[in-house]
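# An overview of the molecular structure
Each chain, letter by letter, is given below.
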Amino acid sequence: MKRIITLAAFVALALGGCSQQKAEEGAAGQPAEEATKAKPSYYKIQHVDVAPTVDPVMAKAGADIFDVKCTACHKLDERYVGPALGQVTQRRPPEYIMNMILDTETMINNDDTVQCLLQTYLLKMPNQSVDEKDARNVLEFLRKAGDERK
């Protein structure tokens, strides 16, 4: 049986590529100094204040936005068009998530992790035209989803 290599797999191999594991890894498990390291200069959002506990009002508003804007491509517990997001807050810092929601094109063009994910999912995340308040509510919903899946 012949093996067929997709264009994305070929590009990943040719460029030294990114494994699915590398693309899905993130902030969780990194040393504390990595978490406090300066954020990339292309981040529109450089800092997000998050409370130790999830704000239920924000999480509810975020769930409503997630249902309308995100579920066409993302599920919480399974890969779909894009990656599963149920535990994204364990893999990525809040600033990454906010920038991915708010400034998608800049992240696609500049972020190595997003480049790895593109090699896996083969589609760019479209800009969903949400404001910073809505993005913050989605982040709070994702924090709640992550807490429920620990």
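Above this text sits the structure in question.
Thresholds, definitions, all that
Residues numbered from 1 in each chain as written. Predicted model: local features only at pLDDT ≥ 70, side-chain atom pairs only at ≥ 80, totals over all residues. Heavy atoms only, no water. Disulfide = S-S within 2.5 Å. Helix = DSSP H or I, 4+ residues; strand = E, 2+ residues; numbered from the N terminus. Polar contact = N/O pair within 3.5 Å; in protein donor to acceptor, adjacent residues only side chain to side chain. Contact = heavy atoms within 4.5 Å. Expected span 1.5 Å × (residues − 1). Core = buried A, V, L, I, M, F, W, Y, C linked by side-chain atoms within 4.5 Å. Buried < 20%, exposed > 50% of the residue type's maximum accessible area, 1.4 Å probe, protein only. Phe/Tyr/Trp six-rings, centres within 6.5 Å; stacked < 30°, edge-to-face > 60°. Lys NZ or Arg CZ within 6 Å of the ring centre and 35° of its normal.

## Structural notes on the state of the cysteines
One way to say it: the disulfide is the covalent bond shared by the sulfur atoms of two cysteines. All chains considered together, the criterion is met by zero disulfides. Here Cys73 is not disulfide-linked; the sulfur of Cys70 is the nearest cysteine sulfur, at 8.8 Å.

## Things to note about the side chain of Asp111
When you line up the elements, Asp111 lands in the loop between α7 (104-110) and α8 (112-121). Reaching out from Asp111, the side chain makes a polar contact with the backbone nitrogen of Thr113 at a distance of 3.0 Å. Reaching out from Asp111, the side chain makes a polar contact with the backbone nitrogen of Val114 at a distance of 3.1 Å. When near neighbours in sequence (up to four residues on either side) are disregarded, Asp111 contacts Tyr42, Tyr43, Tyr96 and Thr106.

## Considering helix α9 (residues 132-148)
Taking 1.5 Å per residue, 17 residues should reach 24 Å; α9 reaches 24 Å between its end C-alpha atoms and fits that length. Buried residues along α9 sit against α4 (56-69), α5 (88-91) and α6 (94-102). Sitting at the head of α9, Asp131 places a side-chain oxygen 3.3 Å from the backbone nitrogen of Lys133.

## With respect to the nonpolar core
With 29 residues, the main nonpolar core has Phe66, Tyr96, Ile97, Met98 and Leu142 as its most contacted residues. Taken together, the elements giving at least two residues each to this core come down to α4, α6, α7, α8 and α9. For Leu142, the residues in contact, after removing those within four places along its chain, are Phe66, Leu76, Leu85, Gly86, Val88, Thr89 and Ile97.

## Looking at the environment of Val114
Relative to the helices and strands, Val114 resides in helix α8. C-alpha separation for the pair Val114 and Lys124, spaced 10 residues apart in sequence, amounts to 9.0 Å. Beyond its immediate sequence surroundings of up to four residues, Val114 is in contact with Tyr96, Met100, Met107 and Ile108.

## Focus on the packing of aromatic side chains
Taken as a whole and judged by the stated rule, the model has two aromatic pairs. Taking the centre distance of 5.1 Å and the plane angle of 45° together, the rings of Phe66 and Phe141 count as tilted. Of this pair, Phe66 sits in helix α4 while Phe141 sits in helix α9, placing them 75 residues apart in sequence. A relative accessible area of 3% means that Phe66 is categorised as buried. Residue Phe141 is classed as buried on the basis of its relative accessible area, which comes to 12%. When the ring centre of Tyr80 is taken as origin, the NZ or CZ atom of Lys75, which lies over that ring, is 4.3 Å away.

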